Amino acid sequence: QESQSVSEQLDYTITGIEAGAGITKATDRALTDYENLAGWEQTNSSTGAMLTELEKAIDNEEPIVVAGWTPHFMFAEWDLKYLEDPEGSFGGEEYLATIAREGLEEDMPEAYTILDRIYWEPADMESVMLAAQETDFAEAAQQWVDDNQETVSEWTEGVEDVDGTAIELVHTPWDSERASGHVARIALEQKGYDVKLTPVDPAIVFQSIAEGDADASLAPWMPATHGPFWDEHEGEFLDLGANLDGAKIGLVVPSYMEVDSIEDFEP
Ligand code: PBE
């Protein structure tokens, strides 16, 4: 309806994703950081539901605000933009961190070295994510490794083979982390590890590694997205640095919407 403001048309609602996601906490921060969002709320069901809502809105050229992130295929699929975030509720550039349990360096030095070296670019991760749309993550990751064996060999160079040592990696249940989890699994398997990959919520990634129930993870998004979980367990896990730079989270809208900043919404 023409007479309604965009905020009214949106029903003062941001379409979020899973309740346990880091971006859900960041969106809650935005709802308190921005005075013009007082009284707004976010809906939280699933990433799949958010994408369905986004597609439906775009088909009807209706306004929608979603919790979005990069790398993700949503930006290849639709014409979208991040809203400016002058309050910094969503942080700036994010990196993906590799973390490990205390003692991994002594117990499994070969795995530690490989995990410490794993680093790739957003375009690499995106190519696995895209391929996985047609097949599954195991096959898509294998394809990327086959095409990039030189890179994987740099990660494993000089590392001695092990004989079926069991190692457990935990990752969050989003495509970006399914991609990095499977690629790390294959790199470790090339050196003889028996790798178990377990999808868990972000809180459990940190908790399981802090408690030594899992060995390592490439899934943390830092510093903003999973910062609260990181801080909660600081000192109880090993920080192996970035495995990818150039990630981002924020509020995302279709490009046809006239708002450019979170501040632009009428209260
Ligand atoms: N994400 C994708 C996750 C991490 C990876 C941004 C949706 C989150 O916890 O928010």
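Per chain, residues are indexed from 1 in the order of the written sequence. A pLDDT threshold of at least 70 governs which residues receive local features in this predicted model, and a stricter bar of 80 or more applies before side-chain atom pairs are shown or counted, although totals over entire chains, interfaces and linings include all residues. For the side-chain quantities, the full set of heavy atoms in the structure was used; hydrogens and water were omitted.

In this section: the site of the ligand. Nearness here has a simple test: a residue counts as near a molecule or strand if at least one of its heavy atoms is within 4 Å of that partner. Looking at the ligand, the residues that line it are I17, A21, G22, I23, W69, W174, E177, P202, W221, T225, H226 and I249. In the model, an oxygen atom of the ligand is placed 2.8 Å from a nitrogen or oxygen of the I23 main chain. Pairing of N or O atoms within 3.5 Å defines a polar contact, subject to two protein rules: one partner must be a possible hydrogen donor and the other a possible acceptor, and residues neighboring in sequence count only if both atoms are side-chain atoms. With respect to the ligand, the side chain of H226 contributes an N or O atom lying 2.7 Å from an oxygen atom. Residue burial considers only the protein chains on display, and all accessible areas are found by Shrake-Rupley using a 1.4 Å probe. Protein coverage of the free-state accessible area of the ligand, which is 280 Å², stands at 100%. Side-chain classes follow a simple rule in which Ala, Val, Leu, Ile, Met, Phe, Trp, Tyr, Cys and Pro form the nonpolar group, Asp, Glu, Lys and Arg form the charged group, and the remainder, Gly included, forms the polar group. Residues of the shell around the ligand, tallied by class, amount to eight nonpolar, three polar and one charged. Note that domain bounds follow an automatic or database assignment of domains. Two domains each put at least three residues into the shell around the ligand: domain 1 (6–92 + 249–264) and domain 2 (94–247).

A few words now on the pattern of salt bridges. When their charged atoms lie close together, side chains carrying opposite charge are able to pair. Every case where a carboxyl oxygen of Asp or Glu lies within 4 Å of a side-chain nitrogen of Lys or Arg is listed as a salt bridge. Scanning the entire structure with this criterion turns up seven salt bridges. Linking K81 and D260 is a salt bridge whose minimum nitrogen-to-oxygen distance equals 3.1 Å. With K81 in strand β4 (residues 80–82) and D260 in the segment after β10 (237–254), the pair connects residues that are 179 residues apart, well separated along the chain. Exposed residues in this analysis have more than 50% of their type's maximum accessible area, buried residues have under 20%, and partly exposed residues fall in between, with area computed by a 1.4 Å probe over protein chains only. Judged by relative accessible area, which is 19%, K81 ranks as buried. Between D107 and R101 there is a salt bridge, with the nearest N and O atoms lying 2.9 Å from each other. Look at the salt bridges and you will find they share partners, linking R101, D107 and D215 into a network. A run of DSSP states H or I qualifies as a helix once it reaches four residues; a run of E qualifies as a strand once it reaches two. Both are numbered from the N-terminal end.

Take the domain arrangement of the chain next. When the domains of the chain are assigned, the result is domain 1 (6–92 + 249–264) and domain 2 (94–247). With centres defined by C-alpha atoms, the gap from domain 1 to domain 2 works out at 28 Å. Counting from both sides, the interface comprises 18 residues of domain 1 and, opposite them, 17 residues of domain 2. A 1.4 Å probe defines the accessible area here, and the buried area is the portion of it lost by two parts on being joined, summed over both. Summed over both partners, the interface of domain 1 with domain 2 buries about 1400 Å², with 66% contributed by carbon and sulfur atoms. For the domain 1 face of the interface with domain 2, the top three residues by lost area are P71, F73 and I249, together amounting to 37%. Where domain 1 packs against domain 2, one counts zero salt bridges. Taken together, the links from domain 1 to domain 2 amount to three residue pairs in polar contact (both at pLDDT 80 or more). Going through the elements one at a time, α2 (22–33) and β3 (66–70) are the ones with two or more residues in the side of domain 1 that touches domain 2. Broken down by element, the residue count for the side of domain 1 that touches domain 2 peaks at four residues, all from α2. Among the residues forming the side of domain 1 that touches domain 2, the class breakdown is eight nonpolar, seven polar and three charged. Contacts: residue pairs with any heavy atoms within 4.5 Å of one another.

A few words on the pairing of strand β7 (residues 194–199). Two strands qualify as a pair provided DSSP detects at least 2 bridges between them. Note that strand β6 (residues 166–171) and β7 share six bridges and pair parallel. Its bridge partner being in β7, H171 is matched across the sheet by P199. Here, the term right-handed applies to a crossover whose path from the first strand over the helix to the second runs clockwise when the strands point away from the viewer. Crossover connection from β6 via helix α10 (residues 175–190) to parallel β7: handedness right-handed.

Moving on, we get to the side chain of T225. When you line up the elements, T225 lands in the loop between β9 (221–222) and α12 (227–233). A distance of 2.6 Å separates the side chain of T225 from the side chain of E94, its partner in a polar contact. Setting aside anything within four residues of it in sequence, one finds T225 in contact with G22, I23, E94 and I249.

Orientation is described by axes fitted as lines to C-alpha atoms, over the contacting stretch for helices, and by angles from 0 to 180 degrees between their N-to-C directions. At a minimum axis separation of 8 Å, helix α6 (residues 109–117) and helix α9 (residues 149–156) run at an interaxial angle of 130°. The angle between α6 and α9 places the two elements in the oblique class. Together, T113, I114 and R117 of α6 and E154, W155 and T156 of α9 make up the contact between the two elements. Here the residues of the contact of α6 with α9 sort into two nonpolar, two polar and two charged. When describing relative orientation, an angle under 35 degrees is termed roughly parallel and one over 145 degrees roughly antiparallel, while 65 to 115 degrees is termed roughly perpendicular and anything else oblique.

All right, on to unusual backbone geometry then. Looking along the chain, the bond that leaves T70 and enters P71 is cis, with omega of 5°. Note on placement: P71 falls in the loop between β3 and α4 (74–77). Here M222 and P223 are connected by a cis peptide whose omega angle stands at 0°. Mapped onto the elements of the fold, P223 is located in the loop between β9 and α12. If you check the backbone angles, Y12 has positive phi at about 55° while not being a glycine. Counting through the fold element by element, Y12 comes out in the loop between α1 (6–9) and β1 (13–15). In this structure, E61 is a non-glycine residue whose phi angle is positive, near 50°. Tracing the backbone shows E61 in the loop between α3 (47–59) and β3.

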